[in-house]
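Listed here are the chains, written in short residue letters.
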Amino acid sequence: HSAGRDRPYCVPGREVKDLISSYETLKPSEPKVISCHDNYDDGIAVTSVAEVERVAMAVRRRVLEYTLKNNGGYLSQACSSAETLATLYLRSLRLGPSVCPSIPGPFRGSPGPGIETRTGEGHNGDPTAPHLDRLIFSPVHYAVVLYSLLVEIG
């Protein structure tokens, strides 16, 4: 969260240097392909809690790096939602393999007359498959967290 020119990052009770040093103990995060659509065995999630925690920590690191590099961002959303999103994607949602290109086309503008709407629904599997779950995720303040999670899990 950008909080002003003299102190661009406000983290209650801790300075950014403390945050960085606590995250430096982690190995730099390379995307790890986790097959989200194969996380179930007879309806039971098989991804371990330790893996969910690892992914959540890696997501926080990615968002921290982004926030520092860009002099602002929504760091608190990453800190508060990383486990929730990692759990949804790795242990709860029934997702299929992506049917979309991994890099979306250029932004065409806000939907309106003459501008087609583009969604990311195909990234979670075939949007017409009745057996797959749907995640409607609308708060733009959490976009960096979601993108970081998707990069982390492949």
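Residues numbered from 1 in each chain as written. Predicted model: local features only at pLDDT ≥ 70, side-chain atom pairs only at ≥ 80, totals over all residues. Heavy atoms only, no water.

What is the right way to look at the environment of Tyr-89 in this model?
Here Tyr-89 is to be found in helix H3 (residues 75-92). According to the relative accessible area criterion, Tyr-89 is buried, its value standing at 4%. Along the chain, Tyr-89 and Leu-149 lie 60 residues apart, while their C-alpha atoms are 8.7 Å from each other. (Helix = DSSP H or I, 4+ residues; strand = E, 2+ residues; numbered from the N terminus. Buried < 20%, exposed > 50% of the residue type's maximum accessible area, 1.4 Å probe, protein only.)

Even after reading the chapter, I still don't get the nonpolar core, so can you show me in this structure?
Generally speaking, nonpolar side chains in soluble globular proteins are found buried as a group. With 19 residues, the main nonpolar core has Val-55, Val-59, Tyr-89 and Leu-149 as its most contacted residues. Within the residue set of this core, elements represented by two or more residues are helix H2 (49-69), H3 and helix H4 (143-153). With 7 residues, H3 is the largest single contributor of residues to this core. (Core = buried A, V, L, I, M, F, W, Y, C linked by side-chain atoms within 4.5 Å.)

Whenever I open this one, H4 confuses me. Can you help?
Owing to its 3.6 residues per turn, the α-helix aligns residues three or four sequence positions apart on the same side. Taken together, the buried positions of H4 are Val-145, Leu-146, Ser-148, Leu-149, Glu-152 and Ile-153. With its buried residues spanning 160° around the axis, H4 presents them on a single face. With its phi angle positive at about 80°, Gly-154 sits one or two positions after the end of H4. (Arc of directions from axis to C-beta.)

Please explain the packing of H2 against H4 as it appears in this structure.
When two helices pack together, their arrangement is given by the angle between their axes and by how far apart the axes lie. For the pair H2 and H4, the least separation of the axes is 9 Å and the interaxial angle reads 125°. On the basis of their axis angle, the class for H2 and H4 is oblique. Of the two elements, H2 crosses H4, and the hand of that crossing is right-handed. Counting all contacts with H2, which are made through Arg-54, Val-55, Ala-58, Val-59, Arg-62, Val-63 and Tyr-66, the residues of H4 involved are Val-144, Val-145, Ser-148, Leu-149, Val-151, Glu-152 and Ile-153. Its residues placed into classes, the contact of H2 with H4 shows 10 nonpolar, 1 polar and 3 charged. (Axes fitted to C-alpha atoms, helices over the stretch in contact; angles between N-to-C directions. Parallel < 35°, antiparallel > 145°, perpendicular 65-115°, else oblique. Left-handed = near helix turned anticlockwise from the far one by under 90°. Contact = heavy atoms within 4.5 Å. Nonpolar A, V, L, I, M, F, W, Y, C, P; charged D, E, K, R; others polar.)

How do you make sense of H3 when you look at a structure like this?
Compared with the 26 Å implied by 1.5 Å per residue over 18 residues, the 24 Å span of H3 between its first and last C-alpha is a close match. Where H3 bends most, the angle comes to about 55°, and this point is Ser-81. Of the positions making up H3, those classed as buried are Leu-75, Gln-77, Ala-78, Ser-81, Ala-82, Leu-85, Ala-86, Tyr-89 and Leu-90. (Expected span 1.5 Å × (residues − 1). Bend = angle between axes of the 7 residues up to and from the residue.)

Just checking my understanding: could you explain the packing of H3 against H4 for this structure?
Where H3 contacts H4, the two axes come as close as 10 Å, and the packing angle between them is 45°. It follows that H3 is oblique to H4 by the angle criterion. As for the relative orientation of H3 and H4, their crossing is right-handed in sense. Of the residues in H4, those in contact with Gln-77, Ala-78, Ser-81, Leu-85, Ala-86, Tyr-89 and Leu-90 of H3 are Val-145, Leu-146, Leu-149, Leu-150 and Ile-153.

Is there a simple way to explain the environment of Asn-70 in this structure?
Relative to the helices and strands, Asn-70 is located in the loop between H2 and H3. For Asn-70, a relative accessible area of 40% gives the class partly exposed. Side-chain polar atoms of Asn-70 contact the backbone oxygen of Tyr-66, separated by 2.9 Å. (Polar contact = N/O pair within 3.5 Å; in protein donor to acceptor, adjacent residues only side chain to side chain.)

Help me understand the packing of aromatic side chains in this model?
By convention here, two paired aromatic rings are described through the distance between centres and the angle between planes. Enumeration according to the criterion identifies 1 aromatic pair in this entry. An angle of 85° between the planes, with centres 6.4 Å apart, marks the rings of Phe-137 and Tyr-142 as edge-to-face. Judged by relative accessible area, Tyr-142 falls into the partly exposed class, the value being 24%. (Phe/Tyr/Trp six-rings, centres within 6.5 Å; stacked < 30°, edge-to-face > 60°.)

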